[in-house]
Amino acid sequence: MKITLNKNNFEIILNNFQSFLDKKDSSQITSHIYLETIENKLLLKATDYEIAIQSKIDILQNLENGIATIEGKKILPIIKQLKDGEVTLETKDGQIFVKQGKTKFKLSSFNAAEFNDATRFPEISDSDIKINLQATDFIESIKKAAIAADSNNHRIELTGTLLDVKDYHCNFVGSDTKRLAIIRQNTQSIGTQISIIIPKRAIMEIAKLFYDEFEIYFSSTMLFIKSQNYTFSTKLINGKYPDYEKIIPKEFKTQLKLPKNEIIEAIKLMNPLSTNVKITFDSNGLLFEAMSSEELESASTQVEIPLNITESITLGTNSRYILDFLALIHSTEFEILINEANMPFMLKDENYSTIIMPVLC
């Protein structure tokens, strides 16, 4: 291989590939990025066995076709330090050379022919199912659901986000057992109902890489996101997600509309003393009180707004759950739906809702 690339385009790809590399052990082939010339393009691949990425960039000058690997964590800082313009990659005697003007680096390389065998790099197949969902809706939905997923739960299925595909719609669901976030999106029928669990780490990478048009494919074990610039894949979590629909109350006694910014401000005033907050609703508005563990400490504030309520209701809650929900909605108002003080309550904004377990107050 001997090719010339645009330095800036190469750097962008290398930077986005860093999360897909094995950084702990440079002796592993998964610490390297795979390179292959295909006509006037350079194909790049990286994987740590759980998530994988591939992309293509233009070759400015192709003097010799070939395949190679290059250590991901070493090549990026090298390319960053080079000047804007062209950079040359050349393989020789099992090593790869990076050149620009009078500057030259020599790096180790694996046997690139073994990369696909060693990694079993995943590819989209004809049997994979395509979801016809707007790209922006998909990204927004996985972010909203993932906020409630529990990264450290011993139940592996609760560390990811459920994509529950039904006829003409799909639900995105996340839960840490103390709250449940759900967002519904309409889609075209795919003729089958499938539930898959996407790892939270994969969701973080999807949100970083994709924002415009892309296609979504999945099987029972893999999820693929394909755009003009990248093809991303992740292994799915093998587990059975809890029956979240049973957790959602069928009806509520009280339904109130509240101003978002005033509620955020009131909660943040309480947080220096405690994230657990007691909220009392009556016809004159809301009273917020910090549930401090110190007897001599207290904090309270009021939001005065008329509420259509005849009897006061008091809820104890972890305020972080409310703030997480409010940070992800665009409306200036939201709904709170309540039954009894010791029963789960719901926060709702259009097709997005979070059900929260109360705390004793």
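Refer to the structure printed above.
Residues numbered from 1 in each chain as written. Predicted model: local features only at pLDDT ≥ 70, side-chain atom pairs only at ≥ 80, totals over all residues. Heavy atoms only, no water.

Draft legend 1. Quick look at the overall build of the protein. Across its full length, the protein carries seven helices and 25 strands. Based on the C-alpha atoms only, the size of the protein along its principal axes is roughly 80 × 50 × 35 Å. A total of 361 residues make up the protein; the buried ones form 50% of that total. Counting contacts in the protein only where the partners sit at least 6 residues apart, residues at least 24 apart contribute 66% of the total. By element, 45% of the accessible surface of the protein is carried by carbon and sulfur atoms, the whole surface being about 18600 Å². Here the protein contributes 40 positive and 48 negative side-chain charges, whose respective centroids are spaced 7 Å apart. (Helix = DSSP H or I, 4+ residues; strand = E, 2+ residues; numbered from the N terminus. Buried < 20%, exposed > 50% of the residue type's maximum accessible area, 1.4 Å probe, protein only. Contact = heavy atoms within 4.5 Å. Areas by Shrake-Rupley, 256 points an atom, 1.4 Å probe, with all protein chains shown as cover. Lys, Arg positive; Asp, Glu negative; His and termini not counted. Charge placed at Lys NZ, Arg CZ, Asp CG, Glu CD.)

Draft legend 2. Structural view of the nonpolar core. Counting residues in each nonpolar core, the largest one holds 92 residues, and the members touching the most others are Phe10, Val98, Phe138, Phe232, Phe281, Leu286 and Phe288. At six residues, the largest contribution of residues to this core is made by helix 4 (residues 135-146). Residues contacting Phe232, with those up to four places away along its chain left out, are Phe20, Ile51, Ala52, Ile53, Ala202, Glu205, Ile206, Leu209, Phe210, Leu223, Phe224 and Ile225. Core analysis: the second largest hydrophobic core is formed by 13 residues, Leu158, Leu162, Val173 and Ile182 among them. (Core = buried A, V, L, I, M, F, W, Y, C linked by side-chain atoms within 4.5 Å.)

Draft legend 3. Fine view of unusual backbone geometry. In this model, Asp93 sits at a positive phi of 55°, which is unusual for a non-glycine residue. Following the sequence through the fold, Asp93 ends up in the loop between strand 7 (86-92) and strand 8 (95-100). For Asp93, a relative accessible area of 73% gives the class exposed. Of note in the backbone geometry, Glu350 takes a positive phi value of approximately 55° without being a glycine. Examined against the element boundaries, Glu350 turns out to sit in the loop between strand 24 (345-349) and strand 25 (352-356).

Draft legend 4. Broad picture of the side chain of Asp128. Within the secondary structure, Asp128 is located in the loop between helix 3 (115-119) and strand 10 (129-131). Although Asp128 is buried, it makes no salt bridge; Lys226 carries the closest opposite charge, 11 Å away. Within the local environment of Asp128, its side chain forms a polar contact with the backbone nitrogen of Ser125, the two atoms lying 2.9 Å apart. With residues up to four places along the chain from it excluded, the contact list for Asp128 reads Glu123, Tyr217, Phe218, Ser219 and Phe224. (Salt bridge = Lys/Arg side-chain N within 4 Å of Asp/Glu carboxyl O. Polar contact = N/O pair within 3.5 Å; in protein donor to acceptor, adjacent residues only side chain to side chain.)

Draft legend 5. Structural view of the pairing of strand 13 (residues 179-186). For strand 13, the buried fraction is high: six of the eight residues fall into the buried class. Sheet topology places strand 12 (residues 169-175) next to strand 13; seven bridges connect them, and they run antiparallel. In the strand pairing of strand 13, Ser175 is matched with Leu180. Between the antiparallel neighbours strand 12 and strand 13 lie three residues, among them Thr177 with a positive phi of about 80°. Alignment of strand 13 against strand 25, held across five bridges, turns out to be antiparallel. Looking at strand 25, one finds that Arg179 is bridged to Ile356. (Pairing = 2+ DSSP bridges.)

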